[in-house]
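Architecture at a glance
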Amino acid sequence: MNRDPVSISIHGLGKRYRIGSYVGTGNTLRGWLSELFSRQPSPQSTAEKEPKYLWALRDLTFDIPVGAVVGIIGRNGVGKSTLLKILSRITDPTEGSAELYGKTSSLLEVGTGFHGELTGRENIYLSGAICGMTRAEVDRHFDKIVAFSELERFLDTPVKRYSSGMYVRLGFAVAAHLDPDILLVDEVLAVGDLSFQRRCLNRMSDVAQAGRTVLFVSHQMAAIRRLCNRTIWLEAGKVRDFGPTGEVVARYETESLGAAESGAPDSHKASAYRARFLSWALAGASVESAHTISALEGVEFQLALDVREPIRAGYGGFEIFDWEGKLIWSGASHDQGRGDLPLSSGKYTLSYRLPLLPLKPGAYRLHASFYDREGSRLLDDWWAMPELVLAMPPSSQAQDEWQGVLNLPCEFSIRKD
Amino acid sequence: MVSLRAAETGRRVTDRTKPDSSNVTLIRVRSGWEALNLRELWSRRELLWFLAWRDIRVRYKQTILGAGWAVLPPFLQMVVFSVVLGGFLKIPTDNQIPYPVFSFAALVPWTLFSAILSGTAGSLIANAAILTKVYFPRLLIPLANVAARLVDFFVAFVILVGMVLVFGRSITPAIFLIPIFLLFLIVTALGFGLWLGALNMYIRDIQMLVPFLVGLWEYASPVVYSANSVPPAWRLIYALNPMTGVLVGFRWCLLGTAPPGPENWASVVIALVMFISGVTVFQRVQRNMVDIL
């Protein structure tokens, strides 16, 4: 991947915003004039004097090869949109630089430049011109744009009379027929009905597969997984993680969904106990880190258990839940005719080996429990931390509501009987 | 990875393995002043026409009179001024020219001037929705406003020529000098408008000031009266107003009154300085205006 020609090259990019108003904070005509006539923006010196600044982005440096489809994820306000705005040349960076090789189009909203008083037909030309198409290009694509929007009957109706869905359809139809080398897309797929969202995603993957470079900001991890081969995780204006989509997204989901960083159990504070879980880890060929699996292979969960007092009839339970709390799988030390576990005090490792864990990529929660069957006493009950992360590539390209639970490679064939 | 392989195959098919080195966009910190990128402006000239066309379409949509509105305001002003100023107050004109055509010859260019000036000053804010979402040379917005207003001007100008003929004056070859004064008018209006527009980004008071300013400026220019009514002692200061030269010039070309005197050259310099500095300041401000809008 590194030998591919570079499409976007970013060096030390940063953007500082002023917090508060330009007027009424002492920044009147005089302040404006002095700012206007100062030759250097000199971010460091003024930042120290004036604490009313916020760095939306800082020290961003990375290269994106030609043809890469890169997702940008992160919580609200971490600078995702600012990055796209700088790369779209809507606003200047405060420091650093970026080079973009080829014609760049940005899709930061649906229906850029639309005017409500104008008809659908007129707005196709206007929006196309504003987004960088020539008149000849719009003429050439006009029929395709209309077909994509499915608004043939309303072409001569002013856009202000359109429903919001129609407006979005027309807007995306124009944007979908821009023909850039680099496409910058902000969260625009969050609008429209599901079937239209699906067509937008399809269109974007067409663009991606035609070898264009795409930067795609989204909060929809399903869309990111489906479209992007690499993903940048931004946090507080900096690159937190940049790598293959499956891994980055999974790590992001794990953390943003409230997981703690430590690998130690935190659910029980009592110092007096008969038995408790200490940690968990994975064993297997495709285990990427202690809690991440990156391929569809056999995997073994190993739970460390500390037993202080002898247990005559021990019983372990183990479950995998998805993020919605749905039980995906459960197993126990009793299964397949195994009996109670007589344990003396000491440290144990309980292993649950699965031949395959064909779940769709994402973060999962593990639950482990341990009982003494004598007196049916629950000795420890642990929501294992951190979460299990499955970072294998999705084996099917299902969309949105058609995403199932399992991630199984399927061999398809057809014959005529 | 599955999706990666798909992207690579696609690239081989379309042969996009090399970036187009002739088409590199460099994004960097810009400091100080910068020359206008005329080549970029020229490459997006089609957008200029689209934006101008949009302004005109939108302005006259759902109106009954349509393009009649290009003529009606100066025409009604002319009627009122003729009754009050020409009729009641008997304001003198040059060479006994009837007051209606005398004032209309100045009201038509003045209407264009006032429309360009206030349109330019407010155009960035009016187009904030587009400016925050897509990049194109920002100067196209005020330029499109000029183009759209010129269309109105040409409609009104035809009526003006008709009035000159109706009032028994003849059209002389001097009419071909009109474009010079028209250009002077546009340069002046854009120069002041770009300054005001740039300031307006930071200080919205400008927005309130502009209509007021246009009203005052109208009285400081020979619109409803003749420049010859100005006492000789004030003539030199009066000539510093670029619109004095423009309006005297329009009357000269259409009505055969005295041409603008040499004292008006100073106002040409003022207009050019305002225009060049206005474009420069605008270029400087537009760079980060999205953060302020």
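All residue numbers refer to positions counted from 1 along the written sequence of the respective chain. As a convention, the first chain written is A and the first ligand written is 1, with the rest following in written order. Totals for whole chains, interfaces and linings use all residues, but because this is a predicted model, local features are given only for residues with pLDDT of at least 70 and pairs of side-chain atoms are given and counted only at 80 or more.

**A few points about the overall build of chain A**
This is how it is decided: A run of H or I in DSSP counts as a helix once it spans at least four residues, and a run of E counts as a strand once it spans at least two, with each numbered from the N terminus. A residue pair is marked as a contact if its C-beta atoms, positioned from the backbone, fall within 7 Å.
Per the secondary structure count, chain A includes nine helices and 19 strands. For chain A, the share of sequence-separated contacts (at least 6 apart) that also reach a separation of at least 24 residues comes to 73%.

**Here's the deal with the overall build of chain B**
Filter applied, for reference: Note on burial: count the other C-beta atoms lying within 10 Å of the residue's C-beta; 20 or more is buried, 12 or fewer is exposed, in between is partly exposed, and C-beta positions come from the backbone.
For chain B, the helix and strand inventory stands at 13 helices and one strand. Oriented by its inertia axes, the alpha-carbon framework of chain B measures out at about 90 × 45 × 35 Å. Residues classed as buried in chain B amount to 42% of the 293 residues present.

**Let's talk about the sheet that holds strand β6 (residues 182-185) of chain A**
Across a sheet, strands are paired by hydrogen bonds formed along the backbone, either parallel or antiparallel in direction. Residues and elements named next belong to chain A. The condition that has to hold: A strand pair is defined by DSSP finding two or more bridges across the two strands. Axis geometry follows a simple rule: fit a line to the C-alpha atoms, using only the stretch in contact for helices, then measure angles between N-to-C directions, giving values from 0 to 180 degrees.
In space, the six strands of this open sheet follow the order β5-β6-β7-β3-β8-β9, with mixed pairing throughout. Looking at the sheet topology across the chains shown, the edges are occupied by β5 (104-107) and β9 (238-244). In this sheet, neighbouring strand axes are inclined to one another by 15° on average, regardless of whether the strands run parallel or antiparallel. With four bridges joining them, β6 and strand β7 (residues 213-217) adopt parallel strand pairing. Residue pairing in the sheet places Leu184 in a bridge with Leu215 of β7. Its contacts with the sheet place helix α3 (residues 80-87) against β3 (69-73), β5, β6, β7 and β8 (230-235), and it is angled at close to 145° to β7.

**Concerning the sheet that holds strand β4 (residues 95-101) of chain A**
Reading across from one edge, β2(A)-β1(A)-β4(A)-β1(B) is the order of the four strands in this open sheet, with antiparallel pairing throughout. This sheet does not close on itself; its edge strands, each paired only once, are β2 (53-65) of chain A together with β1 (24-28) of chain B. Strand after strand, the sheet turns through a mean of 15° between neighbouring axes, direction not considered.

**Considerations on the nonpolar core**
The criterion, for reference: Take the buried Ala, Val, Leu, Ile, Met, Phe, Trp, Tyr and Cys residues, join any whose C-beta atoms are within 7 Å, and the set you get is a nonpolar core.
With 180 residues, the main nonpolar core has Val70(A), Val214(A), Phe216(A), Leu390(A) and Ala105(B) as its most contacted residues. Not counting residues up to four positions away in its chain, the partners in contact with Ala105(B) are Leu160(B), Phe250(B), Arg251(B), Leu254(B) and Leu255(B).

**Things to note about the packing of helix α5 (residues 99-126) of chain B against helix α11 (residues 242-255) of chain B**
All names here are of chain B. Where we set the bar: Working rule for angles: under 35 degrees goes down as roughly parallel, over 145 as roughly antiparallel, 65 to 115 as roughly perpendicular, anything else as oblique. Should the near helix be turned counterclockwise from the far one by less than a right angle, the crossing is left-handed, whereas a clockwise turn marks it as right-handed. In this classification, Asp, Glu, Lys and Arg are treated as charged, Ala, Val, Leu, Ile, Met, Phe, Trp, Tyr, Cys and Pro as nonpolar, and every other residue, Gly included, as polar.
Interhelical geometry of α5 versus α11 gives an angle of 135° and a closest axis separation of 9 Å. Put simply, α5 runs oblique to α11. Between α5 and α11 lies a crossing of right-handed hand. Contact residues: Phe102, Ala105, Ala106, Pro109, Trp110 and Phe113 in α5; Met243, Val246, Leu247, Phe250, Arg251, Leu254 and Leu255 in α11. Here the residues of the contact of α5 with α11 are counted per class, giving twelve nonpolar, no polar and one charged.

**Side note on the packing of helix α3 (residues 45-60) of chain B against helix α7 (residues 140-166) of chain B**
Residue and element names in this part refer to chain B. Two numbers describe how α3 lies on α7: the axes approach to 8 Å, and their chain directions differ by 55°. One finds that α3 runs oblique with respect to α7. Here the hand of the crossing between α3 and α7 comes out right-handed. Across the interface between the two elements, Leu47, Leu48, Leu51, Ala52, Asp55 and Ile56 from α3 touch Leu140, Ile141, Leu143, Ala144, Asn145, Ala147, Ala148 and Val151 from α7.

**Re the environment of Pro100(B)**
Residues and elements named next belong to chain B. Along the polypeptide, Pro100 turns up in helix α5. Spatially, the C-alpha atoms of Pro100 and Leu190 are 28 Å apart, while their sequence positions differ by 90 residues. Look past the residues within four positions of Pro100 in its chain and what remains in contact with it is Met78, Ser82 and Gly86.

**Details of α7(B)**
Stated precisely, the cut-off is as follows: To estimate the expected span of a helix, count its residues, drop one, and scale the result by 1.5 Å.
Its 27 residues give α7(B) an end-to-end C-alpha distance of 39 Å, which sits within 8% of 39 Å, the value for a rise of 1.5 Å per residue. Backbone geometry just after α7(B) places Gly168(B) at a positive phi near 80°.

**A word on the confidence of the model for chain A**
Residue and element names in this part refer to chain A. Condition: Values of pLDDT, the confidence the predictor places in each residue, fall between 0 and 100.
On average, chain A scores 81 in pLDDT, and the residues at 70 or more come to 83%. The element-level mean pLDDT for chain A is lowest in helix α2 (residues 43-49), coming to 45, with helix α4 (residues 120-130) highest at 94. Note that pLDDT drops below 50 for residues 42-49; the model gives that stretch five contacts with residues more than four away or on any other chain. Per-residue pLDDT stays below 50 along residues 259-269; that stretch engages in 25 contacts with residues further than four places along the chain or on separate chains.

**Thoughts on unusual backbone geometry**
The phi torsion of most residues other than glycine is negative, and most of the peptide bonds are trans. Residues and elements named next belong to chain B. In this structure, Lys90 takes a positive phi of about 50° despite not being glycine. Within the fold, Lys90 resides in the loop between α4 (72-88) and α5. Under the C-beta neighbour-count criterion, Lys90 is labelled exposed, with 8 such atoms within 10 Å. The backbone of Asn95 sits at a positive phi, close to 50°, despite the residue not being glycine.

**Brief notes about the environment of Val405(A)**
Residue and element names in this part refer to chain A. Secondary-structure assignment places Val405 in the segment after β19 (377-390). Residue classification places Val405 among the exposed positions, given that 10 C-beta atoms sit within 10 Å. As a C-alpha pair, Val405 and Met221 span 184 residues in sequence and 15 Å in three-dimensional space. The residues contacting Val405, other than those within four sequence positions of it, are Leu359 and Lys360.

**A few points about helix α12 (residues 265-286) of chain B**
Residue and element names in this part refer to chain B. A rise of 1.5 Å per residue sets the reference length of α12, with its 22 residues, at 32 Å; its end C-alpha atoms lie 31 Å apart and thus fit the reference within 8%. Among the residues making up α12, those that are buried are Ser267, Ala271, Met274, Phe275, Gly278, Phe282, Gln283, Val285 and Gln286. Buried residues along α12 sit in contact with α8 (178-202), α11 and α13 (289-292).

**A short note on the environment of Ser330(A)**
All names here are of chain A. By the element assignment, Ser330 lies in strand β15 (residues 327-332). Ser330 sits in the exposed class, given 12 other C-beta atoms within 10 Å. Considering only alpha carbons, one finds Ser330 and Ile320, ten residues apart in sequence, at a separation of 6.3 Å. When sequence neighbours within four positions are dropped, the list of residues in contact with Ser330 reads Gly317, Phe318 and Glu319.

**Brief notes about the confidence of the model for chain B**
Residue and element names in this part refer to chain B. Put simply, chain B has an average pLDDT of 87, and 92% of its residues get 70 or more. In the model of chain B, helix α1 (residues 2-14) stands out as the element of lowest mean pLDDT, 35, in contrast to α11, which has the highest, 95. Within the model, the stretch residues 1-21 combines pLDDT values under 50 with 37 contacts to residues more than four positions away or in other chains. Across the predicted assembly, pTM comes out at 0.73 and ipTM at 0.83.

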